[in-house]
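Listed here are the chains, written in short residue letters.
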Amino acid sequence: MTEFVKTYVEDSVLHIVMDRADKKNAITQAMYLAMTEALVGARTDDSVRVVMIGANGDNFSAGNDIADFMQLGQGEGSLTDSDVFRFLKALADLDKPLVAAVRGRAVGVGLTMLLHCDMVVVAKDAQLSAPFINLALVPEAASTLLLPRVLGHARAFELFALGEPIDGAQACDWGLANRAVHASVVDTVAVELALRLAERAPNAIRQTKGLMRDAGAMWELMLREGEIFSAQMRSPEAVEAFTAFMQKRKPSF
């Protein structure tokens, strides 16, 4: 378990807390592995009825740690064999309710993981974005299916293609979240919802979630996205995009 992910169970709720605030909770491979282990363990732990994912500090997550991710992309093989995709599969496979508490920035996977949550509480001033194309990549986490399903094609395509953020209030209006509240009470409201879910009949709520989501189909799409993502990661477009990002300049495609 990495020092940058904290987990604990309280009142039948497993809390998974990203704890790398000084880096805006940018996610490393070690963090993905720790969160995956927590999600997989929750499935067979009868003391856990609900899982809640959140973060310490002012930001939910700035997405992948760029240096860590660039190193991963330079390796051999497909990204679908990485801890990133093991985490995504664990999200898809989780059969217990998943609640998220989001403040500040939720970028890339910080946004797409919310599509696998059953209830989401966001700060009104949170900033959610999916700037994959800005880095010459493609979306992941089955978000090419899930985001248009929630927002419709036009809004989802705009979020992907332009990579510009929407705030928490807009995200809630568009159906990406259940509650948009002041940043100071995000965790409180999310915990309250998680506790209410934990009081429900556990098998009934798991079966209901299973009927609403096709985990197998989502994983198949994640694999398709992942193969394209891997190819793009090694493309001249992506090399230019990441170089420009590191040099803090506009890429030239």
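Above this text you will find the structure in question.
Quick caveat: nothing in here was measured; it's all calculated off a predicted structure.

A. Structural context of the environment of Ala 177. Among the secondary structure elements, Ala 177 is positioned in the loop between helix H7 (168–173) and strand S9 (179–181). By relative accessible area, Ala 177 is classed as buried at 11%. Sequence spacing of Ala 177 and Leu 88 is 89 residues, and the spatial spacing of their C-alpha atoms is 19 Å. In this view, Ala 177 contacts Val 120, Val 122, Ala 171 and Cys 172; residues no more than four positions away in its chain are not counted.

B. Main features of the environment of Leu 223. Along the chain, Leu 223 turns up in helix H10 (residues 215–233). Taking C-alpha positions, Leu 223 is 6.4 Å from Thr 80, a pair spaced 143 residues apart along the chain.

C. Layout of helix H6 (residues 153–162). Along H6, the residues classified as buried are Ala 156, Leu 159 and Phe 160. Buried residues along H6 cover an arc of 95° about the axis, so they all sit on one side. The exposed residues of H6 that point more than 90 degrees off its buried face are Ala 154 and Phe 157. Where H6 is buried, its residues contact helix H5 (143–151) and strand S8 (166–167). Within two residues after H6, Gly 163 carries a phi angle of roughly 70°, on the positive side.

D. Structural context of the pattern of salt bridges. With the rule as written, the count across this model stands at nine salt bridges. Where Lys 209 meets Asp 118, a salt bridge forms, and the shortest distance between an N and an O atom there is 2.8 Å. Separated by 91 residues along the polypeptide, Lys 209 in helix H9 (residues 202–212) and Asp 118 in the loop between helix H4 (109–112) and strand S6 (119–123) bring together distant segments of the chain. Among the residues examined, Lys 209 registers a relative accessible area of 7% and is labelled buried.

E. Representation of the packing of H5 against H10. At a minimum axis separation of 9 Å, H5 and H10 run at an interaxial angle of 115°. Residues Ser 143, Thr 144, Leu 145 and Leu 146 of H5 pack against Met 218, Leu 221 and Glu 225 of H10. When the residues that make up the contact of H5 with H10 are grouped by side-chain class, the tally is four nonpolar, two polar and one charged.

F. Broad picture of the pairing of strand S1 (residues 5–10). Of the strand pairs in this sheet, S1 and strand S2 (residues 13–18) are connected by six bridges, and their pairing is antiparallel. Opposite Thr 7, over in S2, you have Ile 16 as the bridge partner. Taking the residues that link successive antiparallel strands as the turn, the S1-S2 hairpin has two residues, and the phi of Asp 11 there is positive, at about 55°.

G. Quick peek at the side chain of Gln 29. Counting through the fold element by element, Gln 29 comes out in helix H1 (residues 29–44). If near-sequence neighbours (up to four positions away) are discounted, Gln 29 is found in contact with Asp 68, Phe 69, Leu 72, Ser 82, Asp 83 and Val 84.

H. Focus on the sheet that holds strand S5 (residues 105–107). Across the sheet, which stays open at both edges, the three strands sit in the order S5-S7-S8 with mixed pairing between neighbours. Where the open sheet ends on each side, the last strands, each with one partner, are S5 and S8. Where S5 and strand S7 (residues 127–129) come together, three bridges link them in parallel fashion. Bridge pairing in S7 places Val 107 opposite Ser 129.

I. The arrangement of the pairing of strand S3 (residues 50–55) in detail. Taken across its six residues, S3 has six buried, putting it largely inside the fold. Bridge count for S2 against S3 is six bridges, and the pairing is parallel. Each residue of the ladder has a partner; that of Met 18, found in S3, is Ala 55. Crossover handedness for the path S2 to H1 to S3: right-handed. Here three bridges tie S3 to strand S4 (residues 98–102), and the two strands are oriented parallel to one another. Residue Ile 53 lies in a different strand from S4, and its bridge partner there is Ala 100.

About the thresholds
Every chain is numbered independently, its residues counted from 1 as its sequence is written. Totals for whole chains, interfaces and linings use all residues, but because this is a predicted model, local features are given only for residues with pLDDT of at least 70 and pairs of side-chain atoms are given and counted only at 80 or more. Neither water nor hydrogens contribute to the side-chain values; these are computed over all heavy atoms in the structure. Put simply, DSSP marks the helices as runs of H or I at least four residues long and the strands as runs of E at least two long, and each gets a number from the N terminus on. Here's how the labels work: a residue is buried when its accessible area is under 20% of the maximum for its type, exposed when over 50%, partly exposed in between, all with a 1.4 Å probe on protein chains only. The contact criterion used throughout is that any non-hydrogen atoms of two residues lie within 4.5 Å. It is the directions from the helix axis to the C-beta atoms that the arc portrays. By convention in these notes, a salt bridge is any Lys or Arg side-chain nitrogen within 4 Å of a carboxyl oxygen on Asp or Glu. To define axes, lines are fitted to C-alpha atoms, for helices over the stretch in contact only, and angles between the resulting N-to-C directions are given on a 0 to 180 degree scale. The nonpolar class holds Ala, Val, Leu, Ile, Met, Phe, Trp, Tyr, Cys and Pro. Asp, Glu, Lys and Arg form the charged class, and all remaining residues, Gly among them, are polar. When DSSP finds at least two bridges between two strands, those strands are taken to pair. Look down the strands so they point away from you; if the path from the first strand over the helix to the second goes clockwise, the crossover is right-handed.

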